[in-house]
Amino acid sequence: QVQLKESGPGLVQPSQTLSLTCTVSGFSLTSYTVSWVRQPPGKGLEWIGAIWSGGSTDYNSALKSRLSISRDTSKSQVLLKMNSLQTEDTAIYFCTREAGGTGVMDAWGQGASVTVSS
Amino acid sequence: DIQMTQSPASLSASLGETVTIECRASEDIYNGLAWYQQKPGKSPQLLIYNANSLHTGVPSRFSGSGSGTQYSLKINSLQSEDVASYFCQQYYDYPYTFGAGTKLELK
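Conventions adopted
Residues numbered from 1 in each chain as written. Chains lettered and ligands numbered in written order. Predicted model: local features only at pLDDT ≥ 70, side-chain atom pairs only at ≥ 80, totals over all residues. Heavy atoms only, no water. Helix = DSSP H or I, 4+ residues; strand = E, 2+ residues; numbered from the N terminus. Buried < 20%, exposed > 50% of the residue type's maximum accessible area, 1.4 Å probe, protein only. Contact = heavy atoms within 4.5 Å. Core = buried A, V, L, I, M, F, W, Y, C linked by side-chain atoms within 4.5 Å. Phe/Tyr/Trp six-rings, centres within 6.5 Å; stacked < 30°, edge-to-face > 60°. Lys NZ or Arg CZ within 6 Å of the ring centre and 35° of its normal. Pairing = 2+ DSSP bridges. Polar contact = N/O pair within 3.5 Å; in protein donor to acceptor, adjacent residues only side chain to side chain.

K.L.:
What is the right way to look at the overall build of chain A in this model?
P.N.:
Across its full length, chain A carries zero helices and 11 strands. Each helix (α) and strand (β) of chain A, taken in turn from the N terminus, gives the series β-β-β-β-β-β-β-β-β-β-β. In terms of overall dimensions, chain A has C-alpha extents of about 40 × 25 × 25 Å along its principal axes. Burial status across chain A gives 47% buried among its 118 residues. A fraction of 52% describes how many contacts in chain A between residues 6 or more apart in sequence connect residues 24 or more apart.

Now the structure itself:
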């Protein structure tokens, strides 16, 4: 059974760094691309970036300067780091599995709620 | 970036009715389009990919069509469990981009 689960701090102070972990099961990170997507409260979806099965990454250019996505295949974990957080980064952060690296997100985690506030 | 314009923003329909949601891309996305359903408090779930291919386990009352820059999602014989928000997403080019969503309610 394919599962993804996000974990991380619910509250981050402005200008600090967000670190989120996506732990997957039921598939291998060396066979599938994992993407991060976020959704501000009551709003739409924004693709953040992805790490391919081979380990290379792609980032949304609007966020690229603040982003890092990496993985630990031994732990089946994908790590998202975003620095210089502002209130507009408040959102639910989802990790997703891409089917065949196509960009089609065929499995989603439950989401991690992140609030940026002092 | 490719802009995805989705309409309508909200929609009210009766049980058994057929509803259609539209999505327009700012340039040709060559059928690189997916539709997702998101129920309140839940994560999005894949319905349609490649513009018209039904994802495994999705009821056949859902269908997708379109080409070029114009795409649509149709729900036949609306059921109560279809109350949700629906999003289109283009994956033809980076960055992947989503429509703003359509909130579907029962009349």
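What follows picks up the thread again.
K.L.:
Even after reading the chapter, I still don't get the nonpolar core, so can you show me in this structure?
P.N.:
Inside soluble globular proteins, nonpolar side chains tend to come together where they are buried. All names here are of chain A. By size, the foremost hydrophobic cluster in this structure holds 27 residues, and its most contacted members are L18, L20, W36, I48, V78, L80 and Y93. At the level of secondary structure, the elements contributing two or more residues to this core comprise β3 (18–25), β4 (33–39), β5 (46–51), β7 (67–72), β8 (77–82), β9 (91–98) and β11 (112–116). With four residues, the single largest contributor to this core is β3. Ignoring sequence-local partners within four residues, the contact set of L20 consists of S7, G8, W36, V78, L79, L80, Y93, A112 and V114.

K.L.:
Quick question: what am I supposed to make of the packing of aromatic side chains here?
P.N.:
The geometry of an aromatic ring pair comes down to the distance between the two centres and the angle between the two planes. The full count for this structure, using the stated rule, is nine aromatic pairs over all chains. Ring centres 4.9 Å apart and planes at 55° place the aromatic pair W47 of chain A and Y96 of chain B in the tilted group. With W47 of chain A in strand β5 and Y96 of chain B in the loop between β9 (84–90) and β10 (97–98), the pair connects residues from two separate chains. For the pair W47 of chain A and Y96 of chain B, one class covers both residues: buried. Taking the centre distance of 6.3 Å and the plane angle of 50° together, the rings of Y36 of chain B and F98 of chain B count as tilted. Taken together, the positions of Y36 of chain B in strand β4 (residues 33–38) and F98 of chain B in strand β10 put the pair 62 residues apart, joining distant regions of the chain. A relative accessible area of 9% places F98 of chain B in the buried class. The side chain of R97 of chain A reaches across the aromatic face of F27 of chain A, ending 5.1 Å from its centre. Here the basic side chain of R97 of chain A rests over the ring of Y32 of chain A, its NZ or CZ set 4.0 Å away from the ring centre.

K.L.:
Would you explain the pairing of β7 of chain A in this entry?
P.N.:
Each regular strand shows side chains that alternate between the opposite faces of the sheet. As judged from the six bridges shared by β7 of chain A and β8 of chain A, these two strands associate in the antiparallel manner. Residue L67 of chain A lies in a different strand from β8 of chain A, and its bridge partner there is M82 of chain A.

K.L.:
Hey, could you run me through the environment of S28 of chain A in this one?
P.N.:
Residues and elements named next belong to chain A. Position of S28 among the secondary structure elements: in the loop between β3 and β4. A relative accessible area of 31% means that S28 is categorised as partly exposed. In the structure, S28 is positioned 34 residues away from A62 in sequence and 29 Å away in space, judged by C-alpha atoms.

K.L.:
How should I be thinking about the side chain of D106 of chain A in this particular structure?
P.N.:
If you trace the backbone, D106 of chain A turns up in strand β10 (residues 105–108). Side chain to side chain, D106 of chain A and R97 of chain A meet in a polar contact 2.8 Å long. In this view, D106 of chain A contacts R97, E98 and A99 of chain A together with L46 and H55 of chain B; residues no more than four positions away in its chain are not counted.

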